[in-house]
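# Survey of secondary and tertiary structure
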Amino acid sequence: MASTETTTETRNAADAKAAGARGAETAGLEAGLDALETQAVSRPPVLRTLLSKVVPPVVAVLIVLALWQLAYHFELKAHYQLPSPLDVWGSLREKWLEGTLLSYVWESVSRGALGFAASLVIGTPLGLLVARVRPVRAAIGPILSGLQSLPSVAWVPAAIIWFGITDATIYAVVLLGAVPSIANGLISGVDQIPPLFLRAGRTIGATGMKGVRHVLLPAALPGYISGLKQGWAFSWRSLMAAELIATSPDLGAGLGQLLDQGRVGSDMSLVLAAILLILIVGIGIELLIFAPIERRVLRSRGLLPNAR
Amino acid sequence: MTTPTLTQQAATAGIDEPAPYAARIDHVSKSFGRPGAQQHVLDDITVDVAPGEFVCLLGASGCGKSTLLNLVAGLDKPTAGTIDVPGSRPALMFQEHALFPWLTAGKNIELALKLRGTPRADRRDEAERLLELVRLKGAYGKRVHELSGGMRQRVAMARALAQDSGLLLMDEPFAALDAITRDVLHDELTRIWEATNLSVLFVTHNVREAVRLAERVILLSSRPGRIARTWEVDIPQPRRIEDAAVAELSVEITEQLRGEIRRHGQH
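Below: a short report on this structure. Small disclaimer: the values here were computed from a predicted structure and weren't measured. (Residues numbered from 1 in each chain as written. Chains lettered and ligands numbered in written order. Predicted model: local features only at pLDDT ≥ 70, side-chain atom pairs only at ≥ 80, totals over all residues. Heavy atoms only, no water.)

## Some points on the packing of aromatic side chains
Evaluation of the coordinates by the stated rule reveals 10 aromatic pairs over all chains. Their ring planes at 10° and their centres at 4.8 Å tell us that B:F100 and B:W102 sit as a pair that is stacked. Judged on exposure class, the residue B:F100 and its partner B:W102 are both buried. Following the ring pairs from residue to residue traces out a cluster consisting of A:F116, A:W232, A:W236 and A:F290. The residue whose ring lies beneath A:R237 is A:F234, and the NZ or CZ to ring-centre distance is 4.9 Å. Lying across the ring of B:F100, B:R159 places its NZ or CZ 5.0 Å from the centre. (Phe/Tyr/Trp six-rings, centres within 6.5 Å; stacked < 30°, edge-to-face > 60°. Buried < 20%, exposed > 50% of the residue type's maximum accessible area, 1.4 Å probe, protein only. Lys NZ or Arg CZ within 6 Å of the ring centre and 35° of its normal.)

Put into structure tokens, the structure is as follows:
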């Protein structure tokens, strides 16, 4: 093949022929390699997922209910202090029949959603700024992560002094609780981006705002989503603290106010019913909204263990 | 066989073309660190890559070959000397595929097309065409994690080609692949290089790979990286890594490379 005496013409012809044969051979080899090395991605059947994911928590809840019933039965506390599960159910039913139960839930959920949306709008650019601009990070990065360890209920007295017992107080407390979580989630998401992605982005021309939009934000998405999850948990918690303290007839009554109503009336069944509702809404939103989004993002990137 | 780059320039300058080179690296030096405690990585490198030429930079670790590639890619600035790459931003391929896992194979390519300014309506067809060029027809909707190592590098190659730059920089792109896959990708790269009028600057520490692929092999010495010697590879393509002529030249180059490495143990 390395003969230097062949004229270029015959060499080119020979090369073309050899290249054709080699090309076909390479294509075949390549197809074989591709087939051997590609694994089929299969998802486990729905029924098994249901059995392995749904049954254990249901069993756990049943055990807790049984223990509760036993504690009631043996009167660990007086009945007015520790009502039975059925009593709590009765309170819930009563509120339902009065037609007010859903309005309590709705009042809180709509406040929570609005507060969370506002936190999202503020927390996202704030997180991006802290993550990407070094002086800003040096200045407020530590404060932002420190704020996360401050229980937002601590802001309630301050907010009441500023805004009185109004919706503004409630939203201020929610924002102060959720914004740091969302911003911190985005910051850690950006910090975890492999530098190679940023280099690859720059070489294909994703610089400046294009780099942020096409590389930085999508690459930071998993961290950002876990920040959003935590942000939601913080806004829900802060909301309950604010509603519990800032009660006024002028203000719409949410679950926190329902809780306070139970306390004022020494109605332990109502208190437990309100706690249960707060818990159910909190878990429900996490399970119905955040968990599916997170799972989808992770699965599409091959980051879920069962997706292989 | 050592060819001074000056004769190269003279040879290409005679042809009537808009730019006589795809990349010109002119007396480039690079140091890192503070003045006083500097580490010289590259020392007075002068290389011209002719349009359509395939050049391999070969060297042991510490010869600054990746640094040089970063300089040509415009990701870093030289301490002295100049680098000129006429035309658009050069395409760059890494040892890792560097594909974005949040996009499908096809959308990865389309992103490069979009950033280059290809109209939306043409992107899909162009992406399919490029996938076909790297023999991955039907992989458009595949996620990166669903592809094998060799397939990922081929998608990365298609993404690099999508930039439609005259110059492709490759930083040991096949080093992490198994031997058979690497052979196949050598064939593919040669085929694509011949089918397009792409200039390639390929960095590797693998002598046989360099001889298998390149028209010109430039050996760099280490610490600091200097051009030790240049070989014109006169073996017709398509070559094979196990060809006798490839092996013969590889032995010669390896001897020289070993000599370069040995020098570092002597003091």
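## Examining the environment of A:A71
All names here are of chain A. Within the element layout of this structure, A71 appears in helix α2 (residues 46-73). Residues A71 and S84 lie 13 residues apart in sequence; the distance between their C-alpha atoms is 8.6 Å. Apart from residues lying up to four places away in sequence, A71 is in contact with L76 and L82. (Helix = DSSP H or I, 4+ residues; strand = E, 2+ residues; numbered from the N terminus. Contact = heavy atoms within 4.5 Å.)

## Considerations on helix α9 (residues 208-245) of chain A
Helix length check: α9(A) (38 residues) gives 46 Å between terminal C-alpha atoms against 56 Å at 1.5 Å per residue, more than 12% under. Along α9(A), the largest kink reaches about 60° and is centred on A:L221; proline A:P222 follows within four residues of it. (Expected span 1.5 Å × (residues − 1). Bend = angle between axes of the 7 residues up to and from the residue.)

## Here's the deal with the side chain of B:N108
Residues and elements named next belong to chain B. Examined against the element boundaries, N108 turns out to sit in helix α3 (residues 105-116). Residue N108 is classed as buried on the basis of its relative accessible area of 0%. Within the structure, the side chain of N108 is placed 2.9 Å from the backbone nitrogen of F100, a separation counted as a polar contact. For N108, the side chain forms a polar contact with the main-chain oxygen of L103, separated by 3.4 Å. Those residues in contact with N108 that sit more than four places away from it in its chain are L99, F100, L103, V144 and R159. (Polar contact = N/O pair within 3.5 Å; in protein donor to acceptor, adjacent residues only side chain to side chain.)

## Brief notes about the interface of chain A and chain B
Counting from both sides, the interface comprises 38 residues of chain A and, opposite them, 42 residues of chain B. Taken together, the two surfaces of chain A and chain B that pack against each other cover about 3,700 Å², and 61% of this comes from carbon and sulfur. Our count for the chain A to chain B interface comes out at 2 salt bridges. In this structure, A:D34 engages B:R154 in a salt bridge whose closest nitrogen and oxygen atoms are separated by 2.9 Å. Our count for the contact surface shared by chain A and chain B stands at 6 residue pairs in polar contact (both at pLDDT 80 or more). Going through the elements one at a time, α1 (8-37), α8 (195-203), α9 and α11 (268-300) of chain A are the ones with two or more residues in the side of chain A that touches chain B. When residues in the side of chain A that touches chain B are grouped by element, the largest group, 13 residues, is from α1(A). Among the residues forming the side of chain A that touches chain B, the class breakdown is 15 nonpolar, 9 polar and 14 charged. (Buried area = accessible area lost by both parts, 1.4 Å probe. Salt bridge = Lys/Arg side-chain N within 4 Å of Asp/Glu carboxyl O. Nonpolar A, V, L, I, M, F, W, Y, C, P; charged D, E, K, R; others polar.)

## Quick notes on the sheet that holds strand β5 (residues 91-93) of chain B
All names here are of chain B. Pairing is mixed in the open sheet, where 6 strands are placed in the order β5-β6-β7-β3-β8-β9. Both edges of this open sheet fall to β5 and β9 (226-232), since each of them pairs with a single strand only. Strand after strand, the sheet turns through a mean of 20° between neighbouring axes, direction not considered. As defined by bridge partners, strand β3 (residues 54-58) adjoins strand β7 (residues 199-204) across 5 bridges and the pair is classed as parallel. Opposite L58, over in β7, you have T204 as the bridge partner. Across the face of the sheet, helix α5 (residues 149-162) comes into contact with β5 and β6 (167-171) while running at roughly 170° to β5. (Pairing = 2+ DSSP bridges. Axes fitted to C-alpha atoms, helices over the stretch in contact; angles between N-to-C directions.)

## Brief notes about the sheet that holds strand β4 (residues 80-84) of chain B
All names here are of chain B. In spatial order, the strands read β2-β1-β4; together these 3 strands make up an open sheet with antiparallel pairing. Bordering the open sheet on either side are β2 (39-49) and β4, each of which pairs with just one other strand. The sheet shows a mean angle of 20° between the axes of neighbouring strands, taken without regard to direction. Both strand β1 (residues 23-32) and β4 contribute to a ladder of 4 bridges, which runs antiparallel. For D26, the partnering residue across the bridge sits in β4 and is T82. Across the sheet, helix α2 (residues 65-73) lies against β1, β2 and β4, angled at about 120° from β1, the strand it touches most.

## Focus on the pattern of salt bridges
On inspection of all chains with the given rule, the structure shows 23 salt bridges over all chains. Note that B:E172 is salt-bridged to B:K65, the shortest N-O span being 3.6 Å. Of this pair, B:E172 sits in the loop between β6 and α6 (179-195) while B:K65 sits in helix α2, placing them 107 residues apart in sequence. The burial state of B:E172 is the same as that of B:K65; both residues are buried. Ionic pairing is found between B:E252 and B:R229, a salt bridge with its closest N-O pair at 3.3 Å. On the criterion of sequence distance, the pair formed by B:E252 in helix α8 (residues 244-265) and B:R229 in strand β9 is long-range, its members being 23 residues apart. For B:E252, a relative accessible area of 35% puts it in the partly exposed group. A single salt-bridge network, built from bridges that share partners, covers A:E107, A:R111, A:D167 and A:E243.

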